[in-house]
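Structural overview
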Amino acid sequence: MTSVRTLLNEYDVRPRKSLGQSFLNDGQMIRRIAVAADPQQGETIVEIGAGLGLLTEELARKAGRVIALEIDPRLVRALKDRFANCPTVEIVPGDVLDYDFSKTNPGGRIKVVGNIPYHISTPILFRLLEYRRSIASMLLMFQKELAERIMAPPGKKDYGIPSVIVACYASVSRALTVPAGCFYPEPDVVSTVLQFVMYEDLASSGDHVHLFATVRAAFAQRRKTLRNNLRAAGVAEEALEWIFRESRIDGARRAETLSVGEFKILSETINRSDRIEKFLDKGQGI
Ligand code: SAH
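The structure contained in this document is the topic of the report that follows. (Residues numbered from 1 in each chain as written. Predicted model: local features only at pLDDT ≥ 70, side-chain atom pairs only at ≥ 80, totals over all residues. Heavy atoms only, no water.)

Take the environment of Val 66 next. Inspection of the secondary structure assignment puts Val 66 in strand 3 (residues 65–70). Relative accessible area serves as the criterion here: at 1%, Val 66 is assigned to the buried category. Separated by 163 residues in sequence, Val 66 and Asn 229 have C-alpha atoms that sit 44 Å apart. Residues in contact with Val 66, not counting those within four places in the same chain, are Ile 45, Thr 56, Leu 59, Ala 60, Thr 88, Val 89 and Glu 90. (Helix = DSSP H or I, 4+ residues; strand = E, 2+ residues; numbered from the N terminus. Buried < 20%, exposed > 50% of the residue type's maximum accessible area, 1.4 Å probe, protein only. Contact = heavy atoms within 4.5 Å.)

Now the structure itself:
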């Protein structure tokens, strides 16, 4: 494997912290991530933040098609040069937060892989969940603490917005733990690669905008009850009464005690209530 330093020198690139640039620099780890991604001939893989393309290269050995997204023009240039003779790899310059994942493989579902920039991991994850119907599975690297929050079950301190939203749409498991020494430059944190497999039947997953607004409002202040948080989000007193009676969820509970199923019920009930437009206007759904 060509080393990251050699490539950085060759293309005259200094890593930018502001873009979360921390490149995988350990051949064995890169291969393990590629094995976990399990690329197949008939598959389209979208890699987020391809960087210098070392992981891209491994994925392209087996995948039918790899779309490599990269925002940094210097790295786009390096990628275009490195994959000039590789027709199955397509380099797409631009911001992943603007990318339309539903257009990549119309009629089929894609696989998403990425050692994604840490400063925008949560927005990237939420954007991907927005495109859940176009995605079969995702293998993504996170800072260990965020990975734990994503996987936390109800009742635990770490259980919060990402845990609930992810669990509504996908099963999630830890694929690999990646020590800081596997990267150049070395980050200050340990990383965890998570594997997400989207549920086949997302038709019954309800309305995403309502779900997101509900979960966000419920967790706005963790120590407060559901009733107080929903009230603070603008739900009128009579609507609150109706929602808790109808959903059979006790308004005196805190968000962290609700199961994912209960969040779905709560959000559907709020959705059915016609007296809460104010709340929905405030909800910044995705
Ligand atoms: N996958 C490579 C690089 C990981 S570093 C490797 O594992 O070595 C994260 C990469 O994401 C960098 O190349 C960075 O330039 C890119 N990146 C940062 N913000 C981005 C964004 N908004 N959209 C697309 N790529 C981005």
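With that out of the way, let us pick up the pairing of strand 2 (residues 44–48). Along any regular strand, the residues point their side chains to alternate faces of the sheet. Most of strand 2 sits inside the fold, with 5 of its 5 residues counted as buried. Burial of the side chains of strand 2 extends over both faces: Thr 44, Val 46 and Ile 48 are buried on one face and Ile 45 and Glu 47 on the other. Inspection of the sheet shows strand 2 paired to strand 3 by 5 bridges, in the parallel sense. Note on strand 3: the bridge partner recorded for Ile 45 is Val 66. As for the winding sense of the linkage, the β-α-β connection from strand 2 through helix 3 (residues 54–62) to strand 3 is right-handed. Summarising the sheet, strand 2 and strand 5 (residues 110–114) pair through 3 bridges and their orientation is parallel. Its bridge partner lying in strand 5, Val 46 is registered against Val 112. (Pairing = 2+ DSSP bridges. Right-handed = clockwise from strand over helix to strand, strands pointing away.)

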